[in-house]
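Read off the chains here:
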Amino acid sequence: MLPETIPTVSVTARYLAPDGRPLNGTVEFRPPALLTHAEADLFLGGPTRATLDAEGRITLTLPATDAPGWNPVNWTYTVTEKLSGITRRRVYQIALPASAPAVDLADMAPADPNAPNYVAVPGPAGPPGAPGPQGPAGAVTSVNGHTEPVIVLTADDVAAVPADRAGAPGGVATLGADGLVTPAQLPGGGGQVASVNGKTGVVELTAADLGALTQAAGDARYLSIDAAPVTSVNGDVGAVQLSAADVAAVPAGTALLLAGDQTVAGAKTFQTPPATAADPASPDQLVRRGYVDAVSAAGTWSPASVGFAGWSFDPAASSGNSVQYCISGWVYLIGVPLHSATTVGNVVFYVPGYVGGTLSSSSYAGLYTGAGTRVGLTASLTGLIPATEGETVVCPLTTPYQAQPGLYWVALVVNGPSPNSNGPAFMRGAAMGEAPGGSARMPGSFIRHGRLSVTGQTSLPASFNPSTVMPDANAIWAALS
């Protein structure tokens, strides 16, 4: 912000093409190298650039050039017009006196900046003033340096050619009535052209004779001004240099390629990890976790080996001489780990024996997450468990569940008369002593075999708090498929 003690001048201008289209570009106003204003205790220098708006206009305020206190005094601005489509820039000087607080460049800028040096000042000229008083009559005191009383000037005195040298050898040629030098004053041969590029007679030169391009060849190699409609690039004019950011692009070397070799440094975290459904074909190929889990126990039996997605334990480790009869109304929980994402459509039990027809309709199986939320439920077990002397019983969930890797519970509630004699028997883990160690775990870890503390249940709850699960010695076998 300039001090208020320095007067300013408002400068405006507008630039249009002959067809009325607004030009674009900048107009630069530059004072002499560095100005000093003693009264305001400041230095002033450097260019001030005004950018043409959408109508081709500029408006800016500049310090007056004749303000008191400037050093040097009565200086001028150098104006440089940098306009798109105008190949020849105009550069000229203007003075901005404080007496004209508002000026327009169209009233000041010259039409031909190549004329002799000038300084453009605000105009136009005002009306003529009243005539001043008549001055005294003057008297000639010398003529071309001569002061003698009777002065006689020669052609040399006025830098003229003597008349007797016109048309004479060693003099100057004269023109005839046709405006041409008379043939008599031309060199020998009448001044006619003897040959052109080695040709005589009626000579017609082609582009090849002059080492030039034909019009068609020139159009193919060079672009005329009228054929170059671009006036700016991304808002820039002049020698434009664009970077990746100017065109909303990613700099080279900072983006992942979709094809070809590339070295990627540093740890990368994927919001959605890359996935593949194909098994690996080479030792260093990325693979699915499900594939790793399926082959990690090579040489041993896994749930997938016999068609299951997961089980509570290998059924070959079950008890050979005891089965599990469930107490009516108890909710038994059987832990099943899943190591890969899968769709669970069934819970599975093995029933060594069942007389059939003794279960009530309030008997169910279900699926719970490790957080205690029910995510699957079967229909009543009365229609799912048949009379049998040993059978794998598949109990479909009413709605399949898209399970992610984690720990799950298969829940079981059985109701019926005398379940320990005529209810279904369930296969269980090998027993040892009063309290088998099938649920051995570190304190606070997932309870592999347990039950809810409530009794007398005729349905499975929508959820429960995992902290309320009680460890149970009854290691019932269950699987998911």
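In case you missed it, the structure is sitting above this.
Asker: Before we move on, can you summarise the sheet that holds strand β7 (residues 70–71) with the specific residues and values?
Answerer: The antiparallel open sheet is built from 3 strands, whose spatial order is β4-β3-β7. In the strand order of this sheet, the two ends are held by β4 (42–45) and β7, each with one partner. Pairing geometry for strand β3 (residues 34–37) and β7, over 2 bridges, is antiparallel. Looking at the pairing, His37 lines up with Trp70 of β7.

Asker: Got a sec to walk through the pattern of salt bridges? Specific residues and values, please.
Answerer: Applying the stated rule across the entire model yields 8 salt bridges. Notably, a salt bridge pairs Glu28 with Arg49, separated by 3.3 Å at the nearest N-O pair. A residue pair is termed long-range when its members are at least 10 positions apart, and Glu28 in strand β2 (residues 25–30) and Arg49 in strand β5 (residues 48–51) qualify at 21 residues. For Glu28, a relative accessible area of 6% puts it in the buried group. Between Lys199 and Asp209 there is a salt bridge, with the nearest N and O atoms lying 3.2 Å from each other. Taken together, the residues span a long stretch of sequence, with Lys199 in the loop between β10 (102–104) and α1 (215–221) and Asp209 in the loop between β10 and α1 at a distance of 10 residues. Residue Lys199 is classed as partly exposed on the basis of its relative accessible area of 33%. The class of Asp209 is partly exposed, set by a relative accessible area of 28%. The network of salt bridges with common partners includes Glu28, Arg30, Arg49 and Lys82.

Asker: Could you give me a rundown of unusual backbone geometry, with the residues and numbers involved?
Answerer: Excluding glycine, most residues fall at negative phi; most peptide bonds, likewise, are trans. In this chain, Asn71 is followed by Pro72 through a cis amide linkage whose omega measures 5°. Positionally, Pro72 belongs in the loop between β7 and β8 (77–83). Positive phi outside glycine occurs at Asp41, with the angle close to 55°. For Asp41, the position within the fold is in the loop between β3 and β4. Since its relative accessible area comes to 70%, Asp41 is described here as exposed.

Asker: Which residues make up the packing of aromatic side chains, and what values go with them?
Answerer: The full count for this structure, using the stated rule, is 10 aromatic pairs. Both rings, one in Phe349 and one in Phe426, keep their centres 5.5 Å apart while their planes meet at 70°; by these two values the pair is edge-to-face. A residue pair is termed long-range when its members are at least 10 positions apart, and Phe349 in strand β13 (residues 342–351) and Phe426 in the loop between α3 (419–422) and β18 (449–452) qualify at 77 residues. Judged by centre distance (5.1 Å) and plane angle (50°), the ring pair of Tyr368 and Phe464 falls under tilted. Of this pair, Tyr368 sits in strand β14 (residues 364–369) while Phe464 sits in the loop between β18 and β19 (469–471), and the two are 96 residues apart along the sequence. The two residues Tyr368 and Phe464 agree in class, both being buried. Among the aromatic side chains, those forming a connected cluster through ring pairs are Tyr368, Trp409, Phe446 and Phe464. Across from the ring centre of Trp330, 3.9 Å away, lies the NZ or CZ of Arg451, which sits over that ring.

Asker: Pulling in residues and values, what's your account of the environment of Ile476?
Answerer: Positionally, Ile476 belongs in the loop between β19 and β20 (479–480). Taking the C-alpha atoms as reference points, Ile476 and Gly335, 141 residues apart in sequence, are found 9.5 Å from one another. Aside from chain neighbours lying at most four places away, what touches Ile476 is Ser312, Phe313, Gln324, Cys326, Tyr332, Ile334, Leu412, Phe426, Met427, Arg428 and His449.

Asker: Quick one: what's the story with the pairing of β18, residue by residue and with numbers?
Answerer: For a regular strand, side chains alternate in direction, first toward one face of the sheet and then toward the other. Burial of β18 is two-sided: the residues His449 and Arg451 facing one way and the residues Gly450 and Leu452 facing the other way are all buried. Relative to β18, strand β12 (residues 331–338) is paired through 3 bridges, and the arrangement is antiparallel. Paired with Leu333 across the two strands is Gly450, which belongs to β18. As judged from the 3 bridges shared by β18 and β19, these two strands associate in the antiparallel manner. Within β19, the residue paired with Leu452 across the bridge is Val469.

Reading the values: the criteria
Residue positions are given per chain, counted from 1 along the sequence in the order it is written. Residues qualify for local features only when their pLDDT is at least 70, as the model is predicted, and side-chain atom pairs are given and counted only at 80 or more; totals for whole chains, interfaces and linings, by contrast, use all residues. Excluding hydrogens and water, the side-chain values take into account all heavy atoms of the structure. Should DSSP find at least two bridges between two strands, the strands are regarded as paired. The helix count covers DSSP runs of H or I at least four residues long, the strand count covers runs of E at least two residues long, and both are numbered beginning at the N terminus. Any Lys or Arg side-chain nitrogen located within 4 Å of an Asp or Glu carboxyl oxygen qualifies as a salt bridge. When accessible area is computed with a 1.4 Å probe and restricted to protein chains, residues below 20% of their type maximum are described as buried, those above 50% as exposed, and intermediate ones as partly exposed. Only Phe, Tyr and Trp rings are paired, with Trp represented by its six-membered ring, and only when their centres lie within 6.5 Å; those with planes under 30 degrees apart are stacked, over 60 edge-to-face, the remainder tilted. Working rule: Lys NZ or Arg CZ, within 6 Å of ring centre, within 35 degrees of ring normal, means a charge sits over the ring. Contacts between residues were defined by any pair of non-hydrogen atoms, one from each residue, lying within 4.5 Å.

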